[in-house]
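Structural overview for review
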Amino acid sequence: MAEALKTRQTAALLQAIYKNVKMASDSILNLMPKVQDERLKSDMTVQLSTYEAFASRAAKLLADEGVKPEEEGTITKMSAKWGSMLNTMRDSTSSHLAEMMVEGATMGVNDMLKQIRESENTTASESALRLARDVCAYEEKTVEDMKNYLR
């Protein structure tokens, strides 16, 4: 019974991580065609690669728990895509795109902090908590890096 609870709590944390980083990847992919600044494009490409690596780690840990990773639903993904499109229709400057990245990463940090706090006093595995902390730290770094593009 205790092992089943640990698996459930670990899987819940890992699913939240997986969804968080996949949404971040999707957001970058949605914004990438609008990016003109080569330095910003390069930074976003690195971020995309990092988020995909986090997704891979989460998927592997989920597989270790015997659970399949779940993506956000089609409606959520389409809403995010439309939101990005509408938000960049009038302003697709590097500054505005960076601001959108800051907002997205800030939401990711807030979500990860909430997930970490909720999971720290449970039986969730330390490897899942470590991944959540790594994602949170990376998103905090992303916020700081993107601030360089704000005017």
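See above for the structure.
Note that this is a predicted model, so its numbers are computed, not measured.

**So, the overall build of the protein**
Of the regular secondary structure elements, the protein holds five helices and zero strands. Going residue by residue from the N terminus, the α and β elements of the protein occur as α-α-α-α-α. Against the globule reference of 15 Å for 151 residues, the protein gives a C-alpha radius of gyration of 16 Å, in line with a compact fold. Projecting the C-alpha coordinates of the protein onto the three principal axes gives extents of approximately 55 × 30 × 20 Å. Counting the 151 residues in the protein, one finds 39% classified as buried. Taking as baseline every contact in the protein between residues at least 6 positions apart, the subset at least 24 positions apart corresponds to 81%. Total accessible area on the protein stands at roughly 8500 Å², and carbon and sulfur atoms take up 54% of it. The centroid of the 20 positive side-chain charges in the protein is displaced by 2 Å from the centroid of its 23 negative side-chain charges.

**Some points on the packing of aromatic side chains**
On inspection of all chains with the given rule, the structure shows two aromatic pairs. Between Phe 54 and Tyr 138 the ring centres are 5.9 Å apart and the planes differ by 65°, which places this aromatic pair in the edge-to-face class. Of this pair, Phe 54 sits in helix H2 (residues 38-64) while Tyr 138 sits in helix H5 (residues 126-146), and the two are 84 residues apart along the sequence. On the basis of relative accessibility, which here comes to 7%, the residue Phe 54 falls in the buried class. Looking at Tyr 138, the relative accessible area reads 14%, which means it is buried. Ring pairing ties together the aromatic residues Tyr 51, Phe 54 and Tyr 138, which thus form one cluster.

**What about the packing of helix H4 (residues 94-120) against H5?**
Relative orientation of the contacting elements H4 and H5 amounts to 155°, with a least axis distance of 8 Å. With respect to their mutual orientation, H4 and H5 come out roughly antiparallel. At the point where H4 passes H5, the crossing takes the left-handed sense. Judged by residue contacts, Ala 98, Met 101, Val 102, Ala 105, Thr 106, Gly 108, Val 109, Met 112, Leu 113, Ile 116, Ser 119 and Glu 120 of H4 engage Leu 129, Ala 132, Arg 133, Val 135, Cys 136, Glu 139, Glu 140, Thr 142, Val 143 and Met 146 from H5. When its residues are assigned to classes, the contact of H4 with H5 shows 14 nonpolar, four polar and four charged.

Rules used in this analysis
As a convention, each chain's residues are numbered from 1 in the sequence order in which they are written. Reporting in this predicted model follows two pLDDT cut-offs: at least 70 for local features of residues, and 80 or more for side-chain atom pairs to be given and counted; totals over whole chains, interfaces and linings ignore these cut-offs and use all residues. Calculation of side-chain values draws on the structure's entire complement of heavy atoms; hydrogens and water are dropped beforehand. Segments assigned H or I by DSSP are reported as helices when at least four residues long, segments assigned E as strands when at least two residues long, and all are numbered from the N terminus. With the radius of gyration taken over C-alpha atoms, the globule rule is written as 2.2 Å times the number of residues to the power 0.38. Note on exposure labels: buried denotes an accessible area under 20% of the residue type's maximum, exposed denotes more than 50%, and partly exposed covers the range between, all computed with a 1.4 Å probe on protein chains only. Note on contacts: a residue pair is in contact if any heavy atoms of the two residues lie within 4.5 Å. For the area figures, the Shrake-Rupley method with a 1.4 Å probe applies, and any residue is considered shielded solely by the protein chains shown. Counting rule applied: Lys, Arg positive; Asp, Glu negative; His and chain ends not counted. To locate a charge, take NZ of a lysine, CZ of an arginine, CG of an aspartate or CD of a glutamate. In this scheme Phe, Tyr and Trp rings, the latter by its six-membered ring, pair at centre separations within 6.5 Å, and the angle between planes marks the pair as stacked below 30 degrees, edge-to-face above 60, and tilted otherwise. What counts as an axis is a line fitted to C-alpha atoms, over the stretch in contact for a helix, and the angles between N-to-C directions run from 0 to 180 degrees. In what follows, roughly perpendicular refers to angles from 65 to 115 degrees, roughly parallel to angles under 35, roughly antiparallel to angles over 145, and oblique to any angle outside these ranges. Each crossing gets its handedness from the near helix: less than a right angle anticlockwise from the far helix is left-handed, clockwise is right-handed. Each residue receives one of three labels: charged for Asp, Glu, Lys and Arg, nonpolar for Ala, Val, Leu, Ile, Met, Phe, Trp, Tyr, Cys and Pro, and polar for the others, Gly being one of them.

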